[in-house]
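For reference, the chains in residue letters:
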Amino acid sequence: MARAGARVTVFERSHTLGGRARVVHKDHHWRVDNGQHILLGAYSELTRLLRLCGVSPKQLAHLPLTLHVPGRLRLQAAALPAPLHLAVGLLRAQGLSWADRLAMLRLMQWLKRHAFRVAPGMTVAGLLRETRQTPRLAALVWEPLCVAALNTPLAEADAQVFANVVRDSLAAGAAASELLIPCTDLSELFPVPAARYLATRRGRLRTGNAIEAIHPVEGGFRLEGDPGGQPWPQVVLATAPYHAGALLASTGACDRLAAQIDALPHEPIVTVYLALGKGQRLPEPMIGLVGGTAVEPAQWAFDRGQLGGPEGLIACVISAHGAHEALARDELILAVHAQLERLLGRRLPAPEWAQVIVEKRATLACRPGIVRPAIRTPLPGLWLAGDYIDSDYPATLESAVRSGVACAAAILARIRNGTGA
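Residue numbers run consecutively from 1 along every chain, following the written order of its sequence. A pLDDT threshold of at least 70 governs which residues receive local features in this predicted model, and a stricter bar of 80 or more applies before side-chain atom pairs are shown or counted, although totals over entire chains, interfaces and linings include all residues. Excluded from the side-chain calculation are hydrogens and water; included are all heavy atoms of the structure.

## Brief notes about the nonpolar core
Here's step 1: If you look at the biggest cluster of nonpolar residues, it comprises 96 residues, and the most contacted ones within it are Leu111, Leu127, Val141, Trp142, Val272 and Leu340.
Here's step 2: With sequence-adjacent residues up to four places away left out, Leu340 is seen in contact with Leu274, Leu282, Leu289, Ala301, Ile314, Cys316 and Leu348.
Here's step 3: The set of buried Ala, Val, Leu, Ile, Met, Phe, Trp, Tyr and Cys residues whose side-chain atoms join them within 4.5 Å is what this entry labels a nonpolar core. Per-residue accessibility, obtained with a 1.4 Å probe over protein chains only, is compared with the maximum for each type, and a residue is labelled buried under 20%, exposed over 50%, and partly exposed between these values. Within the second largest apolar cluster, 28 residues are counted, among which are Ile214, Trp232, Leu257 and Trp383. Contacts: residue pairs with any heavy atoms within 4.5 Å of one another.

Structural data, given as structure tokens:
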């Protein structure tokens, strides 16, 4: 909107930019993210906006798609066009039998033959049964990828959304399947450069300014909490879904939409940070842990020291609901520390510092039949943006950005047509 010359004001309740993808300050000198995010090369809109706002390419580590579970699996896509990147990666893979390799090719060929469309209501577990995937491949490859991308367990995850992710990453070539891992904190990666971009184009950013209600008035909408008090002809509600419902209900004309959004199910993400000290590093910047139990809860570990952070800082991620939710904080830290020791086959020092960050409603539960809202609301001029908006993709940063871009395009079209100031 700002790039097109619109006067934009952003109201942000927090003093820290980024929403559910932001930096948090813990115990004086520790700056960590509220969750570990991975981007894919296929995330074209987010990477386009990063470039637009002047973000340095060095702030993202570009890694070839690599699934490395120490002692059990190493699969790395080759730097070749599709489908050779995956075929050569499979030939070179360590830890997979020929039956496993053939099963992966069978699933990819099945999806291509069906134009990446699956039967309505099919789960990822059902897709794996349909394509006769081996138990080892399911445990080491498909389940970790499903949980990482959709943040939903195999038995519940929407196979169509999973197929969309596979179509635009694994099946699209080496660049699209690259893993882009932030080398800076999430607030500095995009929100702070975006705020600078806004400021140079007559935009305003009001942090620490909560909007409590939206009232339709002549000329647009009055925002309760806006110190200016003037009506706004166009308002984009770009909050988490669990904040959107109450704001929509406050208009008096969006009760049905508010109820639909409030009914959306969510899944949590837990990030366990372990500061193991200098000299401690993982064999790769990102490794798989094949977790999901109370004894081995984490599914992925990231070496923040190899990604621009403090040496020895490890971020371990636990996606979706699971047995780990019954553990107390200290029990969870001990369990993840012991899990790392077992996988790496060596003793690790006790953490100098540890932190557990829980996002109870991190993402939408990506299940078949979930009805995600569109960007439009019953009130002309009031719009929705966020990762929960209807999309081919699961609730990701890319989904959120695409919804925002769609809102901007629709608003600019209204202005050009003379239907919105």
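## A word on the environment of Arg346
Here's step 1: Here a helix means four or more residues in a row that DSSP labels H or I, a strand means two or more in a row labelled E, and each is numbered from the N terminus. By the secondary structure assignment, Arg346 is in the loop between α12 (329–344) and β17 (353–364).
Here's step 2: Through-space distance from the C-alpha of Arg346 to that of Leu382 is 56 Å; in sequence the pair is 36 residues apart.
Here's step 3: Not counting the four nearest positions on each side in its chain, Arg346 is found in contact with Gln280, Arg281 and Glu341.
Here's step 4: Pairs of N or O atoms are called polar contacts if they sit within 3.5 Å, as long as, within protein, a hydrogen donor faces a hydrogen acceptor (for residues adjacent in sequence, only side-chain-to-side-chain pairs). Polar side-chain contacts of Arg346 include one of 3.1 Å to the backbone oxygen of Arg281.

## Thoughts on the side chain of Glu267
Here's step 1: Along the chain, Glu267 turns up in strand β13 (residues 266–275).
Here's step 2: On the basis of relative accessibility, which here comes to 2%, the residue Glu267 falls in the buried class.
Here's step 3: Among the polar contacts listed, one links the side chain of Glu267 to the backbone nitrogen of His321, at a separation of 2.9 Å.

## So, the sheet that holds β13
Adjacent strands of a sheet form backbone hydrogen bonds with each other and so pair up, either parallel or antiparallel.
Here's step 1: Read across the sheet, five strands follow the order β14-β15-β16-β13-β17 without closing on themselves; strand pairing throughout is antiparallel. Of all the strands in the sheet, just β14 (286–288) and β17 have a single pairing partner and so form its edges. Across the sheet, the axes of successive neighbouring strands diverge by a mean angle of 20°, strand direction being ignored.
Here's step 2: As defined by bridge partners, β14 adjoins strand β15 (residues 300–303) across three bridges and the pair is classed as antiparallel. Each residue of the ladder has a partner; that of Ile287, found in β15, is Ala301.
Here's step 3: To define axes, lines are fitted to C-alpha atoms, for helices over the stretch in contact only, and angles between the resulting N-to-C directions are given on a 0 to 180 degree scale. Contacts from helix α5 (residues 135–150) reach β15, β16 (313–319) and β17 within the one sheet, and its direction differs from that of β15 by about 70°. Whether two strands pair comes down to DSSP finding at least two bridges between them.

## Remarks on the environment of Leu102
Here's step 1: Structurally, the position occupied by Leu102 is in helix α3 (residues 98–113).
Here's step 2: Taking C-alpha positions, Leu102 is 9.4 Å from Thr134, a pair spaced 32 residues apart along the chain.

## Side note on α3
Here's step 1: In this model, α3 (16 residues) spans 22 Å end to end at C-alpha, consistent with the 22 Å of a helix rising 1.5 Å per residue.
Here's step 2: Those residues of α3 that fall on the buried side of the exposure criterion are Asp100, Arg101, Ala103, Met104, Leu107, Met108, Trp110 and Leu111.
Here's step 3: Its buried side turned inward, α3 meets β7 (73–76), α2 (84–92), α4 (124–130), α5 and α6 (159–168).
Here's step 4: Once α3 finishes, Ala115 follows within two positions and takes phi at roughly 55°, a positive value. The length a helix should cover is 1.5 Å for every residue beyond the first.

## Details of the sheet that holds strand β4 (residues 39–40)
Here's step 1: The sheet built from three strands is open, its strands ordered β4-β8-β5 with antiparallel pairing. Two strands in the sheet have a free side with no partner beyond their single neighbour: β4 and β5 (60–63).
Here's step 2: Bridge analysis of β5 against strand β8 (residues 179–182) gives four bridges, and the strand direction is antiparallel. Residue Leu63 lies in a different strand from β8, and its bridge partner there is Leu179.

## Some remarks on the packing of α3 against α5
Here's step 1: Direction vectors running N to C along α3 and α5 enclose 60°, while the axes themselves pass 9 Å from each other. If you check the angle between α3 and α5, you find them oblique. Remark: the crossing between α3 and α5 carries right-handed chirality. Taking contact as the criterion, the partners of Asp100, Ala103, Met104, Leu107 and Met108 in α3 are, on α5, Arg136, Leu137, Val141 and Trp142.
Here's step 2: Just so you know the grouping, Ala, Val, Leu, Ile, Met, Phe, Trp, Tyr, Cys and Pro go in nonpolar, Asp, Glu, Lys and Arg go in charged, and all remaining residues, Gly too, go in polar. A per-class count over the contact of α3 with α5 returns seven nonpolar, no polar and two charged. Each angle gets one of four labels, with under 35 degrees taken as roughly parallel, over 145 as roughly antiparallel, 65 to 115 as roughly perpendicular, and the rest as oblique. In this scheme the handedness of a crossing depends on how the near helix is turned from the far one: anticlockwise by less than a right angle means left-handed, clockwise means right-handed.

Honestly, it's all geometry; don't read function into it.
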